[in-house]
Amino acid sequence: TAAFSDSSTAPGMSVGPEPIRAAVRIRGAGGQDGDLFANGNKVALVMPGGGTRSFEYDHVFGADVGTPQVFAHAVYPLCAHVAGGRNALLIAVGEGGAGKGFTLSGPGAPQEAPILDPPPGVVQLALRQIWADAVSARGRGGGDAGDWHVALQHVAVHHERPYDLLTGRPQPAPPGTLEAPAPGQLLHGLAASRALTEDELLAAYARSVSALATLSTEHGIDIRACTTLCVATLRQEAAGVVAGADEGVAESDRAAGARGGPESAGDGELWSRLTVVRVGGWEQLSEPFEELRLRQPAAAFASPVSLGRAFLAVAKRNSGSAPADSRESAILRLLGGQLGGNAHCLVLGCVLPGSDRSRTTLDYVSRVRGGACYPLVNTSAARALEGQWAAEAKALRSEVGAIAATGAAAAGGALASEEATRAALRQSDLEGQLLRADMRAAGLTAERD
């Protein structure tokens, strides 16, 4: 495991903007089609018409770099943040066949031939690390041995329809599943494996990965087009996270016996999560949007298109642009503002030499690197404030929708022009308030800590 040191992970410290980190992994040897060249933290792409274009990232992993090294240098820091009481988010993008499944789940990923005792992917390595951190926290007095300390949930989204991968035989999940969990809660409507041992945790993930393959055999779904979201929630006592946490953890969070139930955190607990997203259908971003709309229903490309837009929105937010619309797709609703919000974020692009779609992945991953996130320690006070701001944004959004409907009716002649003008002005004012509320809820500024 790579050494990692980051003083900002101490819960007692106030947190400002943190940069979104970006990494690229190149699959296979270039051979005669070699058009990708790694040099340090840069990738040079040979353009079809001649010349090259250079992209810069936090990490670049060539074809000779193994998955354990990818984990140690790029993913392990996310685990350290989770152990410190903060959320972390890993989003893997790239066209089909570029190595997303191999990187996340190892060569036993369902789209490849299963092998005996396959080497782990970065998700299995991360689960082992999170479990080790849970054991360490318990050794410092953080909880009872009989309680669960890590809960796993895994869902696949195909054409905006969620499929729970931990139910044995994946079936469509309830409509309410397409919402982010409230602060300090598990994903609503999804099965959760509450592990009491590391073996239980890894076995649950293996079952969920195998269940993904059955979507093809039982539902006729192309799993390469599915976007998957896996969440590992770490449960700790607030007082036992790290030494020196006195400034960041309120006395109410230290109260003995202030533990929550199986579905929600108590006042004396920190629930932090690692969320891993594998984006299916990413290659569709290489095509003109209008052609996509003509060829297939919007639900077929909602995940990659909405995430691509979210990448660009987060990158532009520092210049005053509006945040991404978290209602645009199922995957954004499940993330609930973590991208560019309350989570340390790593975007991992997997690219394939010789593919004309590599440029799209390199470009999006490079651009999102210009964005920022605003992670905080998930104390009970922070959870309450996050819930308050999210509710404010939801109420404002509802009012904006009502005003917009009024304006539409006025345009149709149902209202006098003076009333329509007042409605338009009110809508403009509310949209400004909504933007500020969304920025507060997604930005989670230092004031929250």
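The sections below set out a description of the structure shown in this document. What you see is a predicted model; the values in this text were computed from it and never measured.

**Focus on the overall build of the protein**
Broken down by element type, the protein carries 10 helices and 14 strands. Within the protein, buried positions represent 52% of all 449 residues. Within the protein, contacts between residues at least 6 apart in sequence are counted, and of these 75% link residues at least 24 apart.

**Some thoughts on the sheet that holds strand β5 (residues 52-56)**
Pairing between the strands of a sheet is mediated by backbone hydrogen bonds and can be parallel or antiparallel. Here three strands make up an open sheet; going across it, the order is β3-β4-β5 and the pairing antiparallel. Either end of the sheet is taken by a strand with one partner, and the two such strands are β3 (36-39) and β5. Pairwise comparison of adjacent strand axes, ignoring direction, gives a mean angle of 20° for this sheet. Of the strand pairs in this sheet, β3 and strand β4 (residues 42-46) are connected by four bridges, and their pairing is antiparallel. Each residue of the ladder has a partner; that of Phe37, found in β4, is Ala44.

**Let's talk about helix α1 (residues 67-83)**
The axis of α1 is deflected most strongly, by about 50°, at Val75, and proline Pro77 appears within four residues downstream. Within α1, 14 of the 17 residues are buried, leaving the element largely enclosed by the surrounding structure. Following α1 by one or two positions, Gly85 adopts a phi angle in the positive range, close to 95°.

**As for unusual backbone geometry**
Despite not being glycine, His159 shows a phi value in the positive range, around 50°. By secondary structure assignment, the location of His159 is in the loop between β8 (150-158) and β9 (161-164).

**Notes on the pairing of β5**
Here β4 pairs with β5 via five bridges, running antiparallel. Paired with Val43 across the bridge in β5 is Phe55. Connecting the antiparallel pair β4 and β5 is a turn made up of five residues, with Gly50 showing a positive phi of about 105°.

**Quick notes on the nonpolar core**
Core analysis: the largest hydrophobic core is formed by 49 residues, its most contacted members being Tyr57, Ile91, Leu229, Phe311, Leu339 and Leu362. Beyond its immediate sequence surroundings of up to four residues, Leu362 is in contact with Val24, Leu36, Val43, Leu45, Phe55, Tyr57 and Val351. Tyr76, Cys79, Leu90 and Ala232 belong to the second-largest nonpolar core, a separate cluster that totals 40 residues.

**Some points on helix α6 (residues 302-316)**
Across its 15 residues, α6 extends 21 Å between first and last C-alpha, which sits within 8% of the 21 Å expected from 1.5 Å per residue. Burial of α6 is extensive: 12 of the 15 residues sit out of reach of the surface. For α6, the set of buried residues is Ala302, Ser303, Pro304, Val305, Ser306, Leu307, Gly308, Ala310, Phe311, Leu312, Ala313 and Val314.

**Focus on the side chain of Ser306**
One can find Ser306 in helix α6. Accessibility expressed as a relative area gives 1% for Ser306, which makes it buried. There is a polar contact of 3.1 Å between the side chain of Ser306 and the backbone oxygen of Ser303.

**Digging into the environment of Pro183**
On the secondary structure map, Pro183 appears in the loop between β9 and β10 (193-195). Put simply, Pro183 and Asn378 are 195 residues apart on the chain and 8.1 Å apart in space, counted from C-alpha to C-alpha. Excluding anything up to four places from it in sequence, Pro183 contacts Arg383, Glu386 and Gly387.

**Overview of the packing of aromatic side chains**
Enumeration over the complete set of coordinates arrives at four aromatic pairs. Aromatic pair Phe71 and Tyr76: ring centres 6.2 Å apart, planes at 70°, arrangement edge-to-face. Of the two residues, Phe71 and Tyr76, both sit in the buried class. On the basis of an interplanar angle of 85° and a centroid distance of 5.7 Å, the ring pair of Phe289 and Phe301 is categorised as edge-to-face. One end of the pair, Phe289, is in helix α5 (residues 289-295); the other, Phe301, is in the loop between α5 and α6, with 12 residues separating them in the sequence. Overall, Phe289 belongs to the partly exposed group, its relative accessible area being 31%. Judged by its relative accessible area of 3%, Phe301 falls in the buried class. One Lys or Arg, Arg309, reaches over the ring of Phe289 and ends 4.9 Å from the middle of that ring.

**Some remarks on the packing of α6 against helix α8 (residues 358-368)**
Remark: α6 packs on α8, axes separated minimally by 8 Å, with the N-to-C direction vectors making an angle of 35°. At the point where α6 passes α8, the crossing takes the left-handed sense. Across the interface between the two elements, Gly308, Phe311, Leu312, Ala315 and Lys316 of α6 pack against Tyr364, Arg367 and Val368 of α8. Across the contact of α6 with α8, the residue classes tally to five nonpolar, one polar and two charged.

Reading guide: rules and limits
Residues numbered from 1 in each chain as written. Predicted model: local features only at pLDDT ≥ 70, side-chain atom pairs only at ≥ 80, totals over all residues. Heavy atoms only, no water. Helix = DSSP H or I, 4+ residues; strand = E, 2+ residues; numbered from the N terminus. Buried < 20%, exposed > 50% of the residue type's maximum accessible area, 1.4 Å probe, protein only. Contact = heavy atoms within 4.5 Å. Pairing = 2+ DSSP bridges. Axes fitted to C-alpha atoms, helices over the stretch in contact; angles between N-to-C directions. Bend = angle between axes of the 7 residues up to and from the residue. Core = buried A, V, L, I, M, F, W, Y, C linked by side-chain atoms within 4.5 Å. Expected span 1.5 Å × (residues − 1). Polar contact = N/O pair within 3.5 Å; in protein donor to acceptor, adjacent residues only side chain to side chain. Phe/Tyr/Trp six-rings, centres within 6.5 Å; stacked < 30°, edge-to-face > 60°. Lys NZ or Arg CZ within 6 Å of the ring centre and 35° of its normal. Left-handed = near helix turned anticlockwise from the far one by under 90°. Nonpolar A, V, L, I, M, F, W, Y, C, P; charged D, E, K, R; others polar.

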